[in-house]
Amino acid sequence: MLSIDNVSKSFMGVRALRGVSFVGAADEILGLIGPNGAGKSTLVNAISGVLKPDSGSIRLGDVDLTGRGPEFAARQGVGRTFQNLRLFPSLTVRQNVEVGLITCRRHRPEVARSIDIDALLDRFGLAADAGRPAGTLPYGQQRRLELARAEALGAKLLLLDEPAAGMNDYETAALADQLRAIRRRSRCALLVIDHDLHFIMSVCDRICVLDMGEVVAIGTPELIRANPKVAEIYLGAAEAAPHQKNIREERQWN
Ligand SMILES: Nc1ncnc2c1ncn2[C@@H]1O[C@H](COP(=O)(O)OP(=O)(O)OP(=O)(O)O)[C@@H](O)[C@H]1O
Ligand SMILES: [Mg+2]
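On a predicted model such as this, the values are computed, not experimentally measured, just so you know.

*Asks:* Help me out: how do you make sense of unusual backbone geometry in this one?
*Replies:* Note: most residues except glycine have negative phi, and most peptide bonds are trans. In this model, Met12 sits at a positive phi of 45°, which is unusual for a non-glycine residue. By secondary structure assignment, the location of Met12 is in the loop between strand 1 (2-11) and strand 2 (14-24). Its relative accessible area of 86% is what places Met12 among the exposed residues. The residue Glu162 is not glycine, and still its phi comes out positive at about 60°. Mapped onto the elements of the fold, Glu162 is located in the loop between strand 7 (157-161) and helix 7 (169-186). Given the relative accessible area of 11%, Glu162 is considered buried.

Rendered as structure tokens:
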């Protein structure tokens, strides 16, 4: 279980997170949405230990992760992908996944034993390209490879920063299935940031909405869709009520 308690973080006067609190269940797919600059990546950076919050605490199960750094977070089972791809471009597709598995062997050996790299590559449609340098794959396949490597990490909590960015509708639908399958196989929780609301609504059990560093709402997709404060943030205060139905149709809340 992930517990975020009153987490704040400022960058030279910019208050990126202001007293953020919520709890995520151990097997939950939790969405994290909000306009550009809302603080989503900052929160993921704080959970994964890349950033130290100014105050507040972050716990995974019984373990306090706050300010302990990325190595410690990884050892406790926090895995992540980045808003911008961070594959090793000159390593092959297979080697990129092996790097993830090395981390998993160190931190969750019992999970590592159950991971078969060839089957994993096959599931993500990458088997035919296993020997190719990752940097030579088309962008959509690089995104899939990032996800395969993330699964190989064997994380208890997987943080995905905009996994659907740059994908077409077909790829996004497949991604939703892949995320559910990762949860089932790895028995993990996922925290998913994305601007594609249709995707987020379709894949998440609950959604947390951030705006200007604060949690505006958290709940099921149905509740978030019907929440007037959320509509206001995305559609403008004056027009919020008559346009609420648009939330369902909006693909990008950028
Ligand atoms: N390293 C940093 N130095 C200075 N300011 C930062 C830094 N990282 C984030 N910020 C600021 O903190 C705020 C939150 O940024 P963050 O990247 O978390 O937003 P986001 O919700 O991920 O946005 P996006 O949807 O555009 O990715 C923004 O005002 C941003 O400019
Ligand atoms: Mg971001």
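*Asks:* What is the right way to look at helix 1 (residues 40-47) in this model?
*Replies:* The periodicity of an α-helix, 3.6 residues per turn, causes residues three or four places apart in sequence to face the same way. Across the 8 residues of helix 1, 7 count as buried, placing the element largely inside the fold. Within the sequence span of helix 1, burial applies to Lys40, Thr42, Leu43, Val44, Asn45, Ala46 and Ile47. Directly beyond the C-terminal end of helix 1, a positive phi value near 85° is found at Gly49.

*Asks:* Is there a simple way to think about the site of ligand 1 in this case?
*Replies:* Taken together, 14 residues lie around ligand 1, and Asn36, Gly37, Lys40, Thr42 and His195 are the ones closest in. Between ligand 1 and Gly37 there is a distance of 2.8 Å, counted from an oxygen atom to a backbone nitrogen or oxygen. At 2.5 Å, a side-chain N or O of Thr42 approaches an oxygen atom of ligand 1. Calculation on ligand 1 without its partners gives an accessible area of 630 Å², and the protein chains cover 62% of this total. Looking at the shell around ligand 1, the elements with two or more residues in it are strand 2 and helix 1.

*Asks:* Honestly, the domain arrangement of the protein in this entry has me stumped. Any pointers?
*Replies:* Interface size, as often reported, equals the accessible area lost upon joining of the parts. Parsing the protein into structural domains produces domain 1 (2-219) and domain 2 (221-254). The centre of domain 1, based on its C-alpha atoms, is set 26 Å off from the matching centre of domain 2. Every contact between the two is made by 20 residues of domain 1 and, on the other side, 14 residues of domain 2. Looking only at domain 1, the three residues that lose the most surface to domain 2 are His195, Leu197 and Met201, adding up to 33% of its buried area. Run the count over domain 1 and domain 2 and you get 0 salt bridges.

*Asks:* Can you help me understand the packing of aromatic side chains in this one?
*Replies:* How two aromatic rings sit relative to each other is set out by the distance from centre to centre and by the angle between their planes. Under the counting rule described, the total for this entry stands at 0 aromatic pairs. It is Arg68 that lies over the ring of Phe72; its NZ or CZ is 3.8 Å from the centre. Cation over ring: Arg86 sits above Phe82, and NZ or CZ is 3.8 Å from the ring centre.

*Asks:* Hey, could you run me through the pattern of salt bridges in this one?
*Replies:* Proximity of charged atoms lets side chains of opposite charge pair with each other. All told, the structure shown has 12 salt bridges when counted by the stated rule. Close ionic contact of Glu71 with Arg75 constitutes a salt bridge, the shortest N to O distance being 3.5 Å. Taken together, the positions of Glu71 and Arg75, both in helix 2 (residues 70-75) and 4 residues apart, correspond to about one turn of that helix. As a salt-bridge pair, Glu151 and Arg185 come within 2.8 Å of each other at their nearest N and O atoms. Highlighted residues: Glu151 in helix 6 (residues 139-152) and Arg185 in helix 7, separated in sequence by 34 residues. Residue classification places Glu151 among the buried positions, given a relative accessible area of 5%. Here the residues in one salt-bridge network are Arg94, Glu98 and Asp118, joined through shared partners.

*Asks:* Looking at this structure, I do not really get the sheet that holds strand 1. What am I missing?
*Replies:* Two orientations exist for strands paired in a sheet by backbone hydrogen bonds: parallel and antiparallel. Here 4 strands make up an open sheet; going across it, the order is 2-1-4-5 and the pairing antiparallel. The open sheet is flanked by strand 2 and strand 5 (63-64), the only strands paired with a single partner. Sheet analysis places strand 1 next to strand 2, joined by 7 bridges and oriented antiparallel. The residue of strand 2 that forms the bridge with Lys9 is Leu17.

Cut-offs applied
- Residues numbered from 1 in each chain as written.
- Chains lettered and ligands numbered in written order.
- Predicted model: local features only at pLDDT ≥ 70, side-chain atom pairs only at ≥ 80, totals over all residues.
- Heavy atoms only, no water.
- Helix = DSSP H or I, 4+ residues; strand = E, 2+ residues; numbered from the N terminus.
- Buried < 20%, exposed > 50% of the residue type's maximum accessible area, 1.4 Å probe, protein only.
- Near = heavy atom within 4 Å.
- Polar contact = N/O pair within 3.5 Å; in protein donor to acceptor, adjacent residues only side chain to side chain.
- Areas by Shrake-Rupley, 256 points an atom, 1.4 Å probe, with all protein chains shown as cover.
- Domains from an automatic or database assignment.
- Contact = heavy atoms within 4.5 Å.
- Buried area = accessible area lost by both parts, 1.4 Å probe.
- Salt bridge = Lys/Arg side-chain N within 4 Å of Asp/Glu carboxyl O.
- Phe/Tyr/Trp six-rings, centres within 6.5 Å; stacked < 30°, edge-to-face > 60°.
- Lys NZ or Arg CZ within 6 Å of the ring centre and 35° of its normal.
- Pairing = 2+ DSSP bridges.

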